[in-house]
Amino acid sequence: MISFNPSDISTKKLHGYLLSAVAPRPIAFASTVDAEGNPNLSPFSFFNVFSANPPILIFSPARRVRDNTTKHTLENILKTKEVVINVVNYKMVHQMSLASTEYGKDVNEFKKAGFTMLKSDKVKPFRVAESPVQFECKVNEVIALGNEGGAGNLVICEVIKLHIHKEFLNEDETINQQKLDLVARAGGSLYSRAKEGFFEIPKPLTSLGIGVDAIPLEIKDSIILTGNDLGMLGNVDSLPKPKDVNKFAKEHPELLIENKVKKHTFAKAFLAKNDVISAWKVLLMK
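Criteria and cut-off values
- Residues numbered from 1 in each chain as written.
- Predicted model: local features only at pLDDT ≥ 70, side-chain atom pairs only at ≥ 80, totals over all residues.
- Heavy atoms only, no water.
- Helix = DSSP H or I, 4+ residues; strand = E, 2+ residues; numbered from the N terminus.
- Contact = heavy atoms within 4.5 Å.
- Polar contact = N/O pair within 3.5 Å; in protein donor to acceptor, adjacent residues only side chain to side chain.
- Phe/Tyr/Trp six-rings, centres within 6.5 Å; stacked < 30°, edge-to-face > 60°.
- Buried < 20%, exposed > 50% of the residue type's maximum accessible area, 1.4 Å probe, protein only.
- Lys NZ or Arg CZ within 6 Å of the ring centre and 35° of its normal.
- Pairing = 2+ DSSP bridges.

Trainee: When you look at the environment of Glu-200 in this model, what are you seeing that I'm missing?
Mentor: With respect to the secondary-structure elements, Glu-200 resides in strand 13 (residues 197-200). Glu-200 sits 14 residues away from Ala-186 along the chain, and the two C-alpha atoms are 9.7 Å apart. Apart from the residues lying within four places of it in its own chain, the contact partners of Glu-200 are Ser-189 and Leu-190. Among the polar contacts made by the side chain of Glu-200, one reaches the side chain of Ser-189 at a distance of 2.5 Å.

Trainee: Please explain the packing of aromatic side chains as it appears in this structure.
Mentor: Counted according to the given criterion, the structure contains six aromatic pairs. Where Tyr-90 meets Phe-199, the ring centres are 5.3 Å apart and the plane angle is 80 degrees; that geometry is what we call edge-to-face. With a gap of 109 residues between them, Tyr-90 in the loop between strand 6 (82-86) and helix 3 (93-99) and Phe-199 in strand 13 connect regions that are remote in the sequence. Judged by relative accessible area, Tyr-90 falls into the partly exposed class, the value being 28%. For Phe-199, a relative accessible area of 16% translates into the label buried. With a centroid separation of 6.1 Å and 65 degrees between ring planes, the pair formed by Phe-248 and Phe-270 is classed as edge-to-face. With Phe-248 in helix 8 (residues 242-251) and Phe-270 in helix 9 (residues 260-272), this residue pair connects regions lying 22 residues apart in the sequence. Taken individually, Phe-248 and Phe-270 each receive the classification buried, so the pair is uniform in this respect. The structure contains a cluster of three or more aromatic residues connected by ring pairs, namely Tyr-90, Tyr-191 and Phe-199. Sitting above the plane of the Tyr-191 ring, Arg-185 keeps its charged end 4.4 Å from the centroid. Over the aromatic face of Tyr-90 sits the side chain of Arg-193, whose NZ or CZ is 3.8 Å from the ring centroid.

Trainee: Please clarify how the sheet that holds strand 12 (residues 190-193) should be interpreted in this entry.
Mentor: Backbone hydrogen bonds are what pair the strands of a sheet, in a parallel or an antiparallel way. With antiparallel pairing, four strands are arranged side by side in an open sheet as 1-11-12-13. The sheet terminates laterally at strand 1 (25-26) and strand 13, the two strands that pair on one side only. Relative to strand 13, strand 12 is paired through four bridges, and the arrangement is antiparallel. Across the sheet, residue Ser-192 finds its bridge partner in strand 13, namely Phe-198.

Trainee: So what exactly am I meant to see when it comes to the pairing of strand 6 here?
Mentor: Looking along a regular strand, one sees side chains alternate from face to face of the sheet. Along strand 6, five of the five residues are buried, which leaves the element largely enclosed by surrounding structure. Residues of strand 6 alternate between two faces, with Glu-82, Val-84 and Asn-86 on one and Val-83 and Ile-85 on the opposite face, all of them buried. Across three bridges, the pairing between strand 2 (residues 28-33) and strand 6 is antiparallel. Each residue of the ladder has a partner; that of Phe-29, found in strand 6, is Asn-86. Inspection of the sheet shows strand 6 paired to strand 9 (residues 133-144) by five bridges, in the antiparallel sense. If you follow Ile-85 over to strand 9, its bridge partner there is Phe-135.

Here you go:
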């Protein structure tokens, strides 16, 4: 066994140990608005439920380890005192991951990740329509745990209205955990699917992915490609160059077809192997 005091190692290394050892962690997909009403959407895995009466959820947007800056979510909450916490299931996990990209303050992550903005009943932030359960919350208190990089900020949220899609309920109106199919966060690029175990999602590009909103409509409207597939396609910083697409087409003439359903099926097969670039080449071949 190795042992050390937290102060004896770097914050980055300690951060990695904590995230890998305290896992899997539920994900708070937090929607906020700034003072002008501009939406923001970002996931946080320092999150859980802490009370039923009153109903209290707490999540913690930490100060960035690398440069000690704060996230837009925290900045918005300090001004508006409102948030919607959306739960994340497997069907939307790749889109959720794309939304964690550090886009500029003027960028709407709902659009970038391909989510639908749903008006809330009691708070200003929008809900994620694709999320199976959504909690509208007022923020009772924000407790800063420190001023250095890596320090958390406990956002104590009181649920004032919750929404559950009926398809995830049993006949007695309890939640069916199998149908809900929640995912959780672990260390590095690992996630955990509640009913199946660990899987991996490449971290969002630091160079910023093009986003689902930049994908051509004929691909976004596919009857084959899912939201997760679109999230993967949106996590590239640029599309393959025409010369690379043409070279790929010559190497794989069997994939050069006009039938959209078959073409999207081939692309989906590449995505299943995490080969996003080849999937894009299939979709761009003419």
